[in-house]
Amino acid sequence: MTFAESKSERIRPERFHGSAGVEDWRVVGEGACAYFRTGSFAVGARFVGAIGELPGAEGDHPDVDVRQDAVVVRLITVTDDYYGLTERHVEPARRISAVARTLGISADPSAVQTVQVTVDALEGPKVVAFWRALLGYQDRAHSGEDLMDPLRRGAPFYFQSMDAPRPQRNRVHIDVWVPYDQAETRIAAALAAGGRLVNDADAPSNWVLADPEGNEACIGVAGPPAPME
């Protein structure tokens with residue numbers, strides 16, 4: 001394997017989390033993300049400018065969301081046949097965190113999350129075609145079940161296949177991806193707010209909850225750090 005090939009190797013969340021120097025980052029449903037509390041828009045703008053000057057930033061650039069008092073950075077590879085993390089994302093994560101420290105900016109991993117809309121579909125291709133046209137989305141990595149915003153702003157949609165109608169159950173629910181070390185806190189808060197646990201058969205990677213009227217939502221996490229090699 002060449003050096004270039006090793007840097008393009010697809011990796012699992014556990015491997016990313018187990019890498020040194022990425023403590024600011026959490027892998028959620030839409031890649032490796034970090035939430036930096038800048039305190040002001042001006043500081044955030046300087047931070048983004050510094051990120052843009054990092055070596056290699058122009059080749060596999062991160063997604064950056066600048067807000068009044070924070071900057072959210074996401075690292076993900078989006079190609080025709082892959083949507084996820086590669087080994088080449090580890091070093092940019094380290095460098096971005098180093099820039100933040102230089103500017104006196106702290107990261108808050110607990111603030112990271114992504115949201116996905118899931119639709120139960122009996123006739124998947126027809127349903128997907130409608131939502132693709134309505135939203136102006138496109139297929140994700142040739143998937144017939146996933147749609148993504150080509151501008152990488154809106155929540156992705158996932159279409160879950162059904163083999164029969166399910167009465168007394170909503171056909172649309174929200175998937176909330178949180179950091180692996182925040183799931184218990186988030187679930188406890190939802191239950192304390194009147195929710196109930198519907199299913200934890202897939203814990204500790206996924207829990208199904210419902211609000212007081214039975215509307216369901218899932219809490220999902222990506223893997224915790226793998227042991228250092």
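### Details of the pattern of salt bridges
- Applying the stated criterion across every chain, the model contains 15 salt bridges.
- A salt bridge links Glu 9 to Arg 15; the shortest N-O distance between them is 3.0 Å.
- On the accessibility criterion, Glu 9 (29% relative accessible area) is partly exposed.
- A salt bridge links Glu 91 to Arg 95; its shortest N-O distance comes to 3.3 Å. Here Glu 91 pairs with Arg 95, and both are found in helix H4 (residues 90-102), just four residues apart, close to one helical turn.
- Residue Arg 95 is classed as partly exposed on the basis of its relative accessible area, which comes to 34%.

### Digging into the confidence of the model for the protein
- Residues at a pLDDT of 70 or more form 93% of the protein, whose mean pLDDT is 91.
- At the level of individual helices and strands, the protein shows its lowest average pLDDT in helix H1 (residues 3-7), which scores 44, and its highest in strand S7 (residues 106-107), which scores 98.
- Low pLDDT (under 50) marks residues 1-6, which in the prediction has three contacts with non-local residues, meaning those over four places away or in another chain.

### Re unusual backbone geometry
- That bond from Ala 203 to Pro 204 is cis: its omega, 10°, falls within 30 degrees of zero.
- At His 142, a residue that is not glycine, the phi angle is positive and equals roughly 60°.
- Topologically, His 142 is positioned in the loop between strand S9 (138-139) and strand S10 (146-148).
- At Arg 152, a residue that is not glycine, the phi angle is positive and equals roughly 60°.
- Following the sequence through the fold, Arg 152 ends up in the loop between S10 and strand S11 (157-161).

### What about the sheet that holds strand S8 (residues 114-121)?
- With mixed pairing, eight strands are arranged side by side in an open sheet as S9-S10-S11-S8-S12-S15-S14-S13. Looking at strand neighbours, the two that pair on one side only are S9 and strand S13 (196-199), the edges of this open sheet.
- By the bridge criterion, two bridges tie S10 to S11 in an arrangement that is antiparallel. Considered in S11, the bridge of Asp 146 is made with Tyr 158.
- Those strands touched by helix H5 (residues 124-135) are S8, S9, S10 and S11, and its axis lies near 170° from that of S11.
- Against the sheet, helix H6 (residues 183-192) makes contact with strand S12 (172-177), S13, strand S14 (206-210) and strand S15 (216-220), and its axis sits at roughly 15° relative to S14, the strand it touches most.

Calculation criteria
Residues numbered from 1 in each chain as written. Predicted model: local features only at pLDDT ≥ 70, side-chain atom pairs only at ≥ 80, totals over all residues. Heavy atoms only, no water. Salt bridge = Lys/Arg side-chain N within 4 Å of Asp/Glu carboxyl O. Buried < 20%, exposed > 50% of the residue type's maximum accessible area, 1.4 Å probe, protein only. Helix = DSSP H or I, 4+ residues; strand = E, 2+ residues; numbered from the N terminus. pLDDT = per-residue confidence, 0-100. Contact = heavy atoms within 4.5 Å. Pairing = 2+ DSSP bridges. Axes fitted to C-alpha atoms, helices over the stretch in contact; angles between N-to-C directions.

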